[in-house]
Amino acid sequence: MARIGVFVCHCGTNIAKSVDVERVAEAAKSFPHVKFAVDYKYMCSEPGQNIIKEAVKEHKLDRIVVASCSPRLHEPTFQKCAESAGLNPYMVEMANLREQCSWVHDKTEETTEKAIDLVKMAVAKVAKDAPLTRGEIPVTKRALVIGGGIAGIEAALTIADCGYEVVLVERTPSIGGHMAMYDKTFPTLDCSACILTPKMVDCAADPRIELRTYSEVEKVEGFVGNFDVTIRQRAKSVDKTKCTGCGACLEKCPSKGIPSEFDAGMGTRCSIYRPFPQAVPNVPVIDRETCKMFKEGKCGVCSKICPTGAIDYTQEDVVTTEKFGAIVVATGFDLWDHKLCGEYGYGRYPDVITSLQYERLMNASGPTGGKIKRPSDGKEPKNIVFICCVGSRDAEHGFTYCSKVCCMYIAKQAILTKDKIHDSESHVFYMDIRSNGKGYEEFIGMATCNCGTNYMRGRVSKLYPKGDKIVVKGNDTLIGKPVEIEADLVVLATGMQPVHDSVDLARKLGVSTDKYGWLTEAHPKLKPVSMLTDGIYLAGACRYPADIPDTVAQAAGAAGKVAGLFAKDSIKSEPMIAYIDQNSCAACGLCVSVCPFGAIEIEDVKDKRGNVIKQAARVNEGVCKGCGTCAASCRSLSARLRGFEGSQILNEIEALAE
């Protein structure tokens, strides 16, 4: 016979403001099998948990119900409490009085009655609960980091420092990401390359880190501790073991004038190229789409000029499948497609450029050697207009969210402009200035007070050419007057958006994205770098727009999670997962098609002699997350969910119907 204890939490005033908590606890005493019921202000606190432990001992309870907050937030806490009191941790049920009752209802009689019903249902379910046990999953102590920007570099270095092997996969020829393209960083205005390049070199030199540049992840299978990942390393047509990085091939290549991706189209490159001088690895690659040797079958200049014979036109892609224990996703962001905002004239007027293009003009390693020149005629601009929130906070053209860093990098560019062109004037059209970081507000003050940047609160309504100028029309809502500026150069502060294939990568990983395509964390407060799929972690701007300090912090956090996972030889599997009754399974495959985690497969069922007698579905317990989709869709009721059996659910319904 079950002996149940009910513990009702006030949650300060979160629950008690709408629910008569004492009455709920008193009503619970009359429910079947309830031997003890009590209310307490903070049940998740140490005194509250001690009340549970003492009640289990004194009243010989074998299962408990905690009526408090969301089980997603606090169920592990009370499971650990029950386990320390000598109970099976899965003999605990939670009634969510906060989200399902107090937060959605006013303080009325019906609110308390609903709370009593929720507790009654939880009591009915826990009476049918059965002890569950966790299994053991071995852990492969090798990590995969996807993305070679500052987030991926920091994560890889931290994991390697903990003594574990790391494979860093980057789709471009060099690690470094967007940070390698910047001139200086806010709010300290220190050189971006000076910070990043040593980390890139350390990453390449660390014996525990293997760099896989010009590579992409094609397939991910398996589960936490045992991921099987297929990686395609695209052919570089250059043997990295022979190449010395002398650069002779780059000088002699006849296929020049190709827009440089690294310079955001402001500079050019040839068909065989390194993205930038400090590239790591310092080995060029051949762009086969523009190379004459691959397009026309003739040229071979780079092969003839190479002193070490490193050019290999026959090189092919290398596809490998390897095992990893954990994955860190650090794929970064893309800039919003500014061409969608046609009223700003991008593409029609050469002197309307994006903020990243302007960054490359200011950079000493950029196409102009750090000198700010107008694209149309190469003249030095004196009057520069910056337009904020291009693509951000724009439901009509772009996204409704704030990209977080745009206000700051525009202030940085305005300050650097004044430093490079002393007699220049910078004008900034903005919606709101958002400077939510250490030293950020002071940095905005430096742009306005020290450098004389003219900030105007309002949107730009029209741009049009006038001679060699661009007329920018807008409104300054603070003074209530229209503004018209004849600019030499217009810079669009484009917002951040998820990388173009983020949804495709999410499908490969078996993880979710939000409506914009950003990868979704397990919990925004308590698990900001974890994902719902165990063993996969987030770092940097693949989760949401982030600046460099936040990105580095998240990367360190993700690496810490990986190190914590690898510190164990095996991990405990979650027992509240699906299972298949293979005796009644018809192998229809419906559960396979609806499983969002790819945890179910059809297999041959054999008798004791090894003969195949039928086919049936099987659940991979390491992959299953216990969502119950298979159980809900199975026509023969062969797919079931531990902890949510039919008898338990029916008992809840019957209790509610009484």
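In every chain, residue numbers begin from 1 and rise along the written sequence. Only residues with pLDDT of at least 70 are given local features in this predicted model, and only at 80 or more are side-chain atom pairs given and counted; all residues enter the totals for whole chains, interfaces and linings. Side-chain figures throughout are based on the complete set of non-hydrogen atoms in the structure, without hydrogens or water.

1. Some words on the overall build of the protein chain
Logical step 1: The number of helices and strands found in the protein chain is 17 helices and 34 strands.
Logical step 2: Over its C-alpha atoms, taken along the principal directions, the protein chain stretches across nearly 90 × 75 × 40 Å.
Logical step 3: Think of it in three bands: with a 1.4 Å probe and only protein chains considered, a residue is buried below 20% of the maximum accessible area for its type, exposed above 50%, and partly exposed in between. Relative to its full complement of 658 residues, the protein chain shows a buried share of 50%.
Logical step 4: Long-range contacts, defined as pairs at least 24 residues apart, comprise 69% of the intrachain contacts of the protein chain with a sequence gap of at least 6.
Logical step 5: For the accessible areas, the method is Shrake-Rupley and the probe is 1.4 Å, while residue cover comes only from the protein chains on display. Total accessible area on the protein chain is roughly 29700 Å²; 51% of this is exposed by carbon and sulfur atoms.
Logical step 6: Charge centroids of the protein chain, computed over 82 positive and 82 negative side chains, lie 2 Å from each other. Secondary structure elements are taken from DSSP: a helix is a run of H or I of four residues or more, a strand is a run of E of two residues or more, and numbering for both begins at the N terminus. Should any heavy atoms of two residues lie within 4.5 Å, those residues are considered in contact. His residues and chain termini do not enter the charge count, which takes Lys and Arg as positive and Asp and Glu as negative. By convention, charge coordinates are those of NZ in Lys, CZ in Arg, CG in Asp, or CD in Glu.

2. Focus on a nonpolar patch on the surface
Logical step 1: Together, Phe 644, Ile 649, Leu 650 and Ile 653 line one region of the surface with nonpolar side chains, adding up to about 360 Å² of accessible area.
Logical step 2: By secondary structure assignment, the location of Ile 653 is in helix α17 (residues 646-657). Each patch is built from residues that are more than 30% exposed by relative accessible area and take part in no salt bridge. Like charges join if they lie within 9 Å; nonpolar side chains (Val, Leu, Ile, Met, Phe, Trp, Tyr) join within 5 Å. Any carboxyl oxygen of Asp or Glu that lies within 4 Å of a side-chain nitrogen of Lys or Arg is treated as forming a salt bridge with it.

3. Some thoughts on the sheet that holds strand β25 (residues 469-476)
Logical step 1: Spatial strand order, β24-β25-β26: 3 strands in an open sheet with antiparallel pairing. The open sheet is flanked by β24 (460-466) and β26 (481-487), the only strands paired with a single partner. Neighbour-to-neighbour, the strand axes of the sheet open up by a mean angle of 20°, direction not taken into account. A pair of strands is treated as paired once DSSP finds two or more bridges between them. All axes here are fitted lines through C-alpha atoms, helices being fitted over the stretch that makes contact, and every angle between N-to-C directions spans 0 to 180 degrees.

4. Looking at the packing of helix α2 (residues 46-59) against helix α3 (residues 71-84)
Logical step 1: As a packed pair, α2 and α3 sit with axes 9 Å apart at the nearest point and diverge in direction by 40°. In this view, α2 runs oblique relative to α3, as classed from their interaxial angle. Crossing handedness for the pair α2 and α3: right-handed. Here Gln 49, Ile 52 and Lys 53 of α2 lie close against α3, whose contacting residues are Thr 77, Phe 78, Cys 81 and Ser 84.
Logical step 2: Polarity classes work like this: nonpolar for Ala, Val, Leu, Ile, Met, Phe, Trp, Tyr, Cys and Pro, charged for Asp, Glu, Lys and Arg, and polar for all others, with Gly in that last group. Tallied by class, residues from the contact of α2 with α3 come to 3 nonpolar, 3 polar and 1 charged. Working definition: roughly parallel below 35 degrees, roughly antiparallel above 145 degrees, roughly perpendicular at 65 to 115 degrees, and oblique for all remaining angles. Each helix crossing is assigned a hand: it is left-handed if the near helix lies turned anticlockwise from the far helix by less than a right angle, otherwise right-handed if that turn is clockwise.

5. Regarding helix α10 (residues 355-362)
Logical step 1: When you tally the buried positions in α10, you get 8 out of 8 residues, the bulk of the element.
Logical step 2: Within α10, burial applies to Ser 355, Leu 356, Gln 357, Tyr 358, Glu 359, Arg 360, Leu 361 and Met 362.

6. A closer look at the nonpolar core
Logical step 1: What we call a nonpolar core is a set of buried Ala, Val, Leu, Ile, Met, Phe, Trp, Tyr and Cys residues that are connected through their side-chain atoms within 4.5 Å. Judged by nonpolar contacts, the single largest core of 64 residues is most densely connected at Ile 159 and Cys 203.
Logical step 2: Per-element accounting of this core gives the leading share, 8 residues, to helix α5 (residues 150-161).
Logical step 3: Throughout, the edges of the domains are those of an automatic or database domain assignment. Built from parts of two domains, this core gets at least three residues from each of domain 2 (142-331 + 539-566) and domain 4 (578-642).
Logical step 4: Beyond its immediate stretch of four places on either side in the chain, Cys 203 contacts Ile 153, Ala 156, Leu 157, Leu 168, Ile 175, Ile 209 and Leu 211.
Logical step 5: Within the second largest apolar cluster, 58 residues are counted, among which are Tyr 349, Tyr 358, Ile 387 and Phe 429.

7. Considerations on the environment of Arg 98
Logical step 1: With respect to the secondary-structure elements, Arg 98 resides in the loop between β4 (92-96) and α4 (109-127).
Logical step 2: Each residue touching Arg 98, except ones within four places of it in the same chain, is listed here: Cys 11, Asn 14, Ile 15, Ser 68, Cys 69, Ser 70, Leu 73 and Trp 103.
Logical step 3: Polar contact is the term for a pair of N or O atoms within 3.5 Å; when the atoms are in protein, one must be able to donate a hydrogen and the other to accept it, and sequence-neighboring residues count only if both atoms are side-chain atoms. Only 2.8 Å separates the side chain of Arg 98 from the side chain of Glu 99, close enough to count as a polar contact.

8. Here we look at the pairing of strand β12 (residues 226-233)
Logical step 1: The pairing of strand β11 (residues 215-223) with β12 spans 8 bridges and is antiparallel. Bridge pairing in β12 links Lys 219 to Thr 230.
Logical step 2: Between β11 and β12, which pair antiparallel one after the other, the connecting turn spans 2 residues, and Gly 225 there sits at a positive phi close to 85°.
Logical step 3: Relative to strand β17 (residues 318-324), β12 runs antiparallel, the two sharing 7 bridges. Within β17, the position partnered with Asp 228 by the bridge is Lys 323.

9. Observations regarding the side chain of Ser 255
Logical step 1: With respect to the helices and strands, Ser 255 occurs in the loop between α7 (248-252) and β13 (258-259).
Logical step 2: Once residues within four sequence positions are removed from consideration, Ser 255 is found in contact with Arg 269, Cys 270, Ser 271, Thr 290 and Lys 292.

10. Structural notes on helix α11 (residues 406-420)
Logical step 1: One fewer than the residue count of a helix, multiplied by 1.5 Å, yields its expected span. Between its first and last C-alpha, α11 extends 21 Å over 15 residues, near the 21 Å set by a 1.5 Å rise per residue.
Logical step 2: Among the 15 residues that make up α11, 12 are buried, leaving the element largely enclosed by the rest of the structure.
Logical step 3: Residues Cys 406, Cys 407, Met 408, Tyr 409, Ile 410, Ala 411, Lys 412, Gln 413, Ala 414, Ile 415, Leu 416 and Thr 417 constitute the buried set of α11.

11. Focus: the domain arrangement of the protein chain
Logical step 1: For the protein chain, the assigned domains read domain 1 (4-126), domain 2 (142-331 + 539-566), domain 3 (333-497) and domain 4 (578-642).
Logical step 2: Measuring from the centre of the C-alpha atoms in domain 1 to the corresponding centre in domain 3 gives 55 Å.

12. Concerning the sheet that holds strand β20 (residues 352-354)
Logical step 1: Taken together, 5 strands build an open sheet; the order of strands is β20-β27-β21-β22-β23 and the sheet is parallel. Strand pairing shows two members of the sheet lacking a second neighbour, β20 and β23 (454-457), which therefore form its edges. Across the sheet, the axes of successive neighbouring strands diverge by a mean angle of 25°, strand direction being ignored.
Logical step 2: For strand β21 (residues 383-390) and strand β22 (residues 425-430), the ladder comprises 5 bridges, and the chain directions are parallel. From the neighbouring strand, Ile 384 faces β22, where its bridge partner is Ser 426.
Logical step 3: Of the strands in this sheet, β20, β21 and β27 (489-494) touch α10, which is tilted by about 90° from β20.

13. Brief notes about the environment of Tyr 349
Logical step 1: Structurally, Tyr 349 is set in the loop between β19 (333-335) and β20.
Logical step 2: Residues Tyr 349 and Leu 463, spaced 114 residues apart in sequence, show a C-alpha to C-alpha distance of 9.5 Å.

14. Focus: the pattern of salt bridges
Logical step 1: For the coordinates displayed, the defined rule picks out 45 salt bridges.
Logical step 2: The salt bridge involving Glu 218 is made with Arg 232; its shortest N-O contact spans 2.4 Å. Of this pair, Glu 218 sits in strand β11 while Arg 232 sits in strand β12, placing them 14 residues apart in sequence.
Logical step 3: A salt bridge links Asp 581 to Arg 640; the shortest N-O distance between them is 3.8 Å. Of this pair, Asp 581 sits in the loop between β31 (578-580) and α15 (590-594) while Arg 640 is found in strand β34 (residues 639-641), placing the two residues 59 residues apart along the sequence.
Logical step 4: Residue classification places Asp 581 among the partly exposed residues on the basis of a relative accessible area of 23%.
Logical step 5: Among the charged side chains, a network of salt bridges with common partners joins Arg 142, Glu 165, Glu 210, Arg 212 and Glu 322.

15. Examining the packing of aromatic side chains
Logical step 1: A pair of aromatic rings is counted whenever rings of Phe, Tyr or Trp (Trp by its six-membered ring) have centres within 6.5 Å, and the orientation is called stacked for planes under 30 degrees apart, edge-to-face for over 60 and tilted otherwise. Scanning the model with the defined rule gives 13 aromatic pairs in all.
Logical step 2: An angle of 75° between the planes, with centres 5.7 Å apart, marks the rings of Tyr 358 and Phe 386 as edge-to-face. Taken as a pair, Tyr 358 in helix α10 and Phe 386 in strand β21 lie far apart in primary sequence, 28 residues in all.
Logical step 3: For Phe 386, a relative accessible area of 0% translates into the label buried.
Logical step 4: Aromatic pair Phe 399 and Tyr 401: ring centres 5.2 Å apart, planes at 10°, arrangement stacked.
Logical step 5: A relative accessible area of 4% places Tyr 401 in the buried class.
Logical step 6: An aromatic cluster is defined as three or more aromatic residues linked by ring pairs; in this entry it consists of Phe 399, Tyr 401, Tyr 516, Trp 518 and Tyr 544.
Logical step 7: Lying across the ring of Phe 644, Lys 125 places its NZ or CZ 4.4 Å from the centre.
Logical step 8: Sitting over a ring, as applied to charges here, requires NZ of Lys or CZ of Arg to be within 6 Å of the ring centre and within 35 degrees of the ring normal. Just above the ring of Tyr 214 sits the side chain of Arg 234; from NZ or CZ to the centre is 4.1 Å.

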